[in-house]
Amino acid sequence: MTVKAYAALLRGINVGGSRKVPMAQLRTLLDGLGLGDVRTHLQSGNAVFTCEAGDENTLAARIGEAIERHFGFTVDVLVRDGAYLKAVADACPFPAASLEGKQLHVTYLSEPVDVSRFDAIDAAAFLPEEFRLGDRALYLYAPDGLGRSKLGEALSRPVLFRGVIATSRNWNTVTKLVELTQELDRG
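A brief report on the enclosed structure follows. None of the values given here were measured: they were computed from a predicted structure.

The rules behind these values
Residues numbered from 1 in each chain as written. Predicted model: local features only at pLDDT ≥ 70, side-chain atom pairs only at ≥ 80, totals over all residues. Heavy atoms only, no water. Helix = DSSP H or I, 4+ residues; strand = E, 2+ residues; numbered from the N terminus. Contact = heavy atoms within 4.5 Å. Buried < 20%, exposed > 50% of the residue type's maximum accessible area, 1.4 Å probe, protein only. Pairing = 2+ DSSP bridges. Axes fitted to C-alpha atoms, helices over the stretch in contact; angles between N-to-C directions.

Considering the side chain of Thr-173
Relative to the helices and strands, Thr-173 resides in helix α5 (residues 171-186). Not counting chain neighbours up to four residues away, the residues in contact with Thr-173 comprise His-41, Leu-42 and Asn-46.

So, in structure tokens, the structure goes:
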């Protein structure tokens, strides 16, 4: 089998002092699952690793179950291979090279969503902020950053993503995960 690089994206950990998952423990946990070359990025639930090419959903379930056993709480986990992460970055509909990392975000989705989910959002009312859908991804341009984004707030309503795991990363993290998975694929 082919060995591939993947990223595990954990949703909602290490925020506000709850659901703490120390990155050193996460690396040990992933190593214990037989995953190779495990590295973490930041404290917000980003890990990269290598393993024999497999089903992303099965890998995500294995990681989620291991986290629940070890830490005692459930965490939504998305696993995406390096090629997908690069394709999402390459397909960005906004001029990423001319923006600051805090101005651009990608929300990775567990499955494709139809644009009709967002019909209740009056996009023109939020300009210059904008969003676009991609391949299991939502791109958000927020010129003043996510913390001040009214569109980001509107897009964070749980009803919009009912039945879908959604976890967001700023552009700096998006590109770092591409870089890290490419290094592992070449290594």
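As for the environment of Asp-135
As for its position among the elements, Asp-135 is in the loop between β6 (130-134) and β7 (137-141). Residues Asp-135 and Glu-153, 18 residues apart in the sequence, show an inter-C-alpha distance of 22 Å. Once you skip the residues sitting within four places of it in the chain, Asp-135 turns out to touch Tyr-84 and Val-88.

Description of unusual backbone geometry
Following Leu-127, the chain continues to Pro-128 via a peptide bond in cis, the omega torsion being 10°. Assignment of secondary structure puts Pro-128 in the loop between β5 (104-109) and β6. In this model, Asp-37 sits at a positive phi of 50°, which is unusual for a non-glycine residue. Inspection of the secondary structure assignment puts Asp-37 in strand β2 (residues 36-41). Although it is not a glycine, Arg-136 sits at a positive phi angle of roughly 55°. Topologically, Arg-136 is positioned in the loop between β6 and β7. For Arg-136, a relative accessible area of 19% gives the class buried.

Structural notes on the sheet that holds strand β4 (residues 77-81)
Strand order in the open sheet made by the 4 strands is β2-β3-β1-β4, with antiparallel pairing throughout. Of all strands in the sheet, those with a lone pairing partner are β2 and β4, marking the two edges. Strand after strand, the sheet turns through a mean of 25° between neighbouring axes, direction not considered. This element, helix α3 (residues 82-90), spans β1 (3-10) and β4 of the sheet and lies at about 85° to β4.

Regarding the environment of Phe-71
With respect to the helices and strands, Phe-71 occurs in helix α2 (residues 56-71). By relative accessible area, Phe-71 is classed as buried at 17%. Measuring from C-alpha to C-alpha, the distance between Phe-71 and Arg-169 comes to 23 Å, with 98 residues separating the pair along the chain. Setting aside chain neighbours within four positions, we find Phe-71 in contact with Lys-20, Val-21, Pro-22, Gln-25 and Leu-29.

Some remarks on the pairing of β1
Extensive coverage of β1 is indicated by the burial of 6 of its 8 residues. With 7 bridges connecting them, β1 and strand β3 (residues 46-52) associate as antiparallel partners. Considered in β3, the bridge of Val-3 is made with Glu-52. Note: β1 against β4, 5 bridges, orientation antiparallel. By the bridge assignment for β4, Leu-9 is matched with Leu-78.

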